[in-house]
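Notes for the structure review
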Amino acid sequence: MPLWTIHHTPGTFTADEKHKLAARIADHYENVGLPRFYVVTVFHETHPENFYVGGEPTSAGVRITIDHIARRNPDQASRRRTAAWIKSILQPHLEQLPDLHWEFHADETSEDLWMINGFAPPPGGSDAEKRWAEQNSTSEY
């Protein structure tokens, strides 16, 4: 399950831009074989008086945390590719905003501590996971 939590100052994203970004994120994970419903994107608007960079309030900022649970990168090279992919998803949406401070990080969390609708997800690449992807929902396996 990738969980993208996007903290941003007001005016950074319109409702349509949020939808397009969330869809683009989900598209990527679906293209690499994850069930689309694994992908959750949450936007948190944070006012400048609550958004500090270097100890100072920022009027234009985005801070993204990404939790990867369904899959892990096996080595540094694949982690670098993942970081580059994340950058490529975000940059077109963020580089057009003047004086925007933006950053992200991704954590890889144990899949043993993850459930969806009370089900432990099936092993990655298994027939059960493929069935979940096809039906775009959980089921017993």
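Residues numbered from 1 in each chain as written. Predicted model: local features only at pLDDT ≥ 70, side-chain atom pairs only at ≥ 80, totals over all residues. Heavy atoms only, no water.

**Remarks on the UniProt feature "domain: Tautomerase cis-CaaD-like" (unreviewed entry) in the protein chain**
- Here the UniProt feature "domain: Tautomerase cis-CaaD-like" (unreviewed entry) sits at residues 1-136.
- In this annotation, residues 1-136 is assigned 33% helix and 24% strand; the end-to-end C-alpha distance for the span is 13 Å. (UniProt positions renumbered as here; feature names shortened; annotations may be inferred. Helix = DSSP H or I, 4+ residues; strand = E, 2+ residues; numbered from the N terminus.)

**Describing the packing of helix α1 (residues 15-31) against helix α2 (residues 76-94)**
- It is the contact of α1 with α2, at a shortest axis distance of 11 Å, that shows an interaxial angle of 160 degrees. As far as their axial angle goes, α2 and α1 are roughly antiparallel. Here the hand of the crossing between α1 and α2 comes out right-handed. Of α2, the residues touching α1 (which contributes E17, L21, R24, I25, H28 and Y29) are W85, S88, I89, L90, P92 and H93. (Axes fitted to C-alpha atoms, helices over the stretch in contact; angles between N-to-C directions. Parallel < 35°, antiparallel > 145°, perpendicular 65-115°, else oblique. Left-handed = near helix turned anticlockwise from the far one by under 90°. Contact = heavy atoms within 4.5 Å.)

**A short note on α1**
- Given a rise of 1.5 Å per residue, 17 residues ought to cover 24 Å, and the 24 Å separating the end C-alpha atoms of α1 matches this to within 8%.
- Taken together, the buried positions of α1 are occupied by L21, I25, A26 and Y29. The buried residues of α1 occupy one face: seen down the axis, they fall within an arc of 130 degrees. In α1, the exposed positions that point more than 90 degrees away from the buried face belong to H19, K20 and N31.
- Looking at the buried residues of α1, the elements they touch are β1 (2-8), β2 (40-45), β5 (61-68) and α2. (Expected span 1.5 Å × (residues − 1). Buried < 20%, exposed > 50% of the residue type's maximum accessible area, 1.4 Å probe, protein only. Arc of directions from axis to C-beta.)

**Focus: the packing of aromatic side chains**
- Applying the stated criterion across every chain, the model contains nine aromatic pairs.
- An angle of 90 degrees between the planes, with centres 6.3 Å apart, marks the rings of Y38 and W132 as edge-to-face. Pair noted here: Y38 is in the loop between α1 and β2 and W132 is in helix α3 (residues 127-135), with a separation of 94 residues, a long-range link.
- For Y38, a relative accessible area of 0% translates into the label buried. (Phe/Tyr/Trp six-rings, centres within 6.5 Å; stacked < 30°, edge-to-face > 60°.)

**What to know about the pattern of salt bridges**
- In total, this model carries five salt bridges according to the counting rule given.
- One salt bridge connects R71 with E129, and the closest N-O pair in it is separated by 2.6 Å. Of this pair, R71 sits in the loop between β5 and α2 while E129 sits in helix α3, and the two are 58 residues apart along the sequence.
- Classification of R71 by relative accessible area gives partly exposed; the value is 33%.
- The class for E129 is buried, based on a relative accessible area of 2%.
- Connected via shared salt-bridge partners are D27, E30 and R36. (Salt bridge = Lys/Arg side-chain N within 4 Å of Asp/Glu carboxyl O.)

**Focus on the pairing of strand β6 (residues 101-108)**
- When β5 meets β6, the two strands line up parallel, connected through eight bridges. Opposite G61, over in β6, you have H101 as the bridge partner.
- Handedness of the β-α-β unit built from β5, α2 and β6 comes out right-handed. (Pairing = 2+ DSSP bridges. Right-handed = clockwise from strand over helix to strand, strands pointing away.)

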